[in-house]
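Each chain, letter by letter, is given below.
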Amino acid sequence: MASMLSFLNRADGSARFSQGETQVMVGVYGPAPCPINMEQYNRATLSVVWKPKSGAATIQDAEREHCLQTTLEPFILLHLHPRSLITVIVQVLNDAGSVMSTAVNAACLALMDCGIHMKALPLSITCAVLPTADSESLLLSLDPTTAEEKQASSVCTTVFSVSRASPKAPTPSKPQLTTWLQDKGAIDDDTLFAVLDMCTTACPILESFLRSYVAKQEILLSPNYELVAALDRVVSPIQIQQQQQQLMGEWPLGGQLLTVFLFHKRLPRVLRYCVSCEVQSASRPSELFTSTTTTSSLLSSFLQAEGGNCLQYLVDPFIEKVESLSFPSLSIEEVIGLVDGLTSSILNFPLDGFPATIRKLANLFQAVAESQRLEMTPIQICGSFFFMRFLCPAFIFPELYGLSSAEVDSPIYILATNLFKAFQWLFTSNEEPEEALAPLCHALYHRLPEINAFLARFTENLPVEDIFECLPCPKESAVNAALIEISKVVCTYQDQLTEFFTAQNGSSWISQLKIVASEAESLFPMVGAGKGVSEYEVTEDDVKKEIHSILSMYTRSYETKFHQLNEQCKQMSEEIHRAAKIYDEQKKTLKSHENENSQILSKLTTSQQAHAALSEELRLLDEQYQLEKQKRCEAETLLEQLAQVYRDRDSTTVPSWCEELLRVIGECANETPTPKKKS
């Protein structure tokens, strides 16, 4: 028997299992959104697709598909994922007998790799009853080949339920028979009991193999990060003592761990663990981002891989400019000018140019430091991470980032080291800087408000979803090499690791670690591919079949979605038709309102014209009135003059014609004036 997990990149879980020459590959997808016609409101829907080695599926393949689905459904806790779809795709690579039991075992491993919750493990064993010369004796064969199945009088496939030990039940329970399939022929009761006894006896052997394989794989990929913690506390101090490197050196182990965790989709959790270790290792702010450990090496490898493009834009011009100058003869003003120009280019660099994953890491550091109550503000933590862990190491070791190379004691190396110390003082120290660094520190301090504003924007407006999940998956060849190097490190430091875990009461774990170290090349079949083409190596045909199965699955999903969209389009067409009718009615109503408005407007125009004519007539009457009023005033003036003439002649009486004139004037004025007589 042989097996391999997590070798399909697009599947949520995958496994390849072989019994003898029979090989089956299984990919599990989901839980995923379920089509409406398959949706169940209180549980998930399990879909099984059986694909033969070649050609189209036959009736026998459809029967196996149904049997596998009914076999797996009782084991999976489907109620945990209501209204979702779990798809299990079985691809037969080679059928040399016992293909049904091989498929069940491969599906069990793939479901475990996918993280689907199960009540127990479904383990399957096939048994054949072979004919003998003596009719009273039985010849039973476990996992029969194709030739043995043809010769057998009866073939049975059994499925057992195997549960793990728990606090309530310290010892594992015996395998319980849940399903048995009569693949061929008839069988009597005595023969059936003999077959079941033999399969029950063989089931613990199969369980032991599967559990030991999964346990060995999980040692190097443990979700509890035992390996990272062990390498961080044991291997890192030894390497520091041996290499005597400053600040950040070349730590290949970090890059290898990064490759392995990225390939197995566990990098997001490991990065969060590394962030926590980085903050916990600092007892005071000045120690933050200055240690060189396995966790810091893994973080640095991630920053190298993600931030290469923006660092190339920021760092390369500065390195070339410094290398072109005679650094020792530069004045402190010229050095400050160089650093000031570098600071301006960083602050003016668009935030979208920085990878979102690095900005998310800075945000994580802020959150973890706040939970650890480290005496630093979020701006200080973000600045320390950005300048001391991300930017300055690219100046000190540019060759690790694929930038312009610089030797130790070169101008850029010396300047970058001083720049690192200056930023460390700026964000983590409350004391006066060293005399040699004082001008550079004070120059950066004057630009601190601009730097703080940039850092405040650096961790804002990040995507809500987990952006670490979208990282590209490395190639299998890179994973093979990384696993071999990690196994070599484990073998090299076996004694130190044993001593460490013995002190930590981790004897059981270190015993498993020894197994991993002694079986480094046989543990992962992919690792063995380094010596040649392994029988477990994924071939081009396997990739084509996997692509074909994925396309078939998506085709069915898209057909369902197409029918749903077609129904929605019909409903929308009816709604548009009803809306068009309403629009026509409203348009007619609006037209009638427009006619009424035009009639009212014509009446209003006629009224305005009549009003204008009356206004003109009133104006003429007013002018006539003013003219008559003027004539009256002139007549009164003349009368007064005549009266004055008679007064001047000392006449005691007024002539009759004068009185008549006064009477006429009074009638014109609607009054009868009485002239005054001379006293």
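Since we're looking at a predicted model, the values are computed, not measured.

Go over the sheet that holds strand β8 (residues 154–162) with me, naming the residues and quoting the values.
Spatial ordering of the open sheet is given by β7-β6-β8-β9, a layout of 4 strands whose pairing is antiparallel. The sheet is open, and its two borders are formed by β7 (139–142) and β9 (176–184), each paired with just one other strand. On average, adjacent strands in this sheet sit at an angle of 25 degrees to one another, irrespective of strand direction.

Describe helix α11 (residues 356–371), listing the residues and the values that go with them.
Compared with the 22 Å implied by 1.5 Å per residue over 16 residues, the 23 Å span of α11 between its first and last C-alpha is a close match. Turning to α11, its buried residues are Thr357, Ile358, Arg359, Lys360, Leu361, Ala362, Leu364, Phe365, Gln366, Val368 and Ala369. On the buried face of α11, the contacting elements are α7 (267–280), α8 (294–306), α12 (378–396) and α15 (448–458).

An account of the environment of Ile396 is requested, with residue identities and associated values reported.
Relative to the helices and strands, Ile396 resides in helix α12. Between the C-alpha atom of Ile396 and that of Leu415, which follows or precedes it by 19 residues, the distance is 8.6 Å.

Can you explain unusual backbone geometry? Please cite residues and give values.
A cis geometry characterises the amide bond from Gly30 onward to Pro31, with omega recorded as 0 degrees. You can see Pro31 is positioned in strand β3 (residues 22–33). Positioned with a positive phi, Arg83 is a non-glycine residue whose angle comes to about 60 degrees. Its location among the elements puts Arg83 in the loop between α1 (59–72) and β5 (84–94). The class for Arg83 is partly exposed, based on a relative accessible area of 46%. The backbone of Ser98 shows a phi angle near 60 degrees, a positive value even though the residue is not glycine. On the secondary structure map, Ser98 appears in the loop between β5 and α2 (99–114). Among the residues examined, Ser98 registers a relative accessible area of 3% and is labelled buried.

Tell me about the nonpolar core, and please be specific about residues and values.
Membership of the largest hydrophobic core comes to 81 residues, with the highest contact counts inside it found for Phe354 and Phe386. The dominant element in this core, judged by the number of residues it contributes, is α12, at 12 residues. Those residues in contact with Phe354 that sit more than four places away from it in its chain are Cys310, Leu314, Phe349, Arg359, Phe386, Phe390, Phe454 and Phe458. Of all hydrophobic cores here, the second largest spans 48 residues; its members include Trp50, Val99, Ile125 and Ala202.

How would you sum up the state of the cysteines? Please name residues and give values.
Following the criterion strictly, the structure yields 0 disulfides and no others. Cysteine Cys203 remains unbridged, with the sulfur of Cys199 as its closest cysteine sulfur at 8.9 Å. The class for Cys203 is buried, based on a relative accessible area of 0%.

Any chance you could break down the pattern of salt bridges for me, citing the residues and the numbers?
One pass over the full model with this rule turns up 7 salt bridges. One salt bridge connects Arg83 with Glu39, and the closest N-O pair in it is separated by 2.8 Å. Of this pair, Arg83 sits in the loop between α1 and β5 while Glu39 sits in the loop between β3 and β4 (45–51), and the two are 44 residues apart along the sequence.

Criteria and cut-off values
Residues numbered from 1 in each chain as written. Predicted model: local features only at pLDDT ≥ 70, side-chain atom pairs only at ≥ 80, totals over all residues. Heavy atoms only, no water. Pairing = 2+ DSSP bridges. Helix = DSSP H or I, 4+ residues; strand = E, 2+ residues; numbered from the N terminus. Axes fitted to C-alpha atoms, helices over the stretch in contact; angles between N-to-C directions. Expected span 1.5 Å × (residues − 1). Buried < 20%, exposed > 50% of the residue type's maximum accessible area, 1.4 Å probe, protein only. Contact = heavy atoms within 4.5 Å. Core = buried A, V, L, I, M, F, W, Y, C linked by side-chain atoms within 4.5 Å. Disulfide = S-S within 2.5 Å. Salt bridge = Lys/Arg side-chain N within 4 Å of Asp/Glu carboxyl O.

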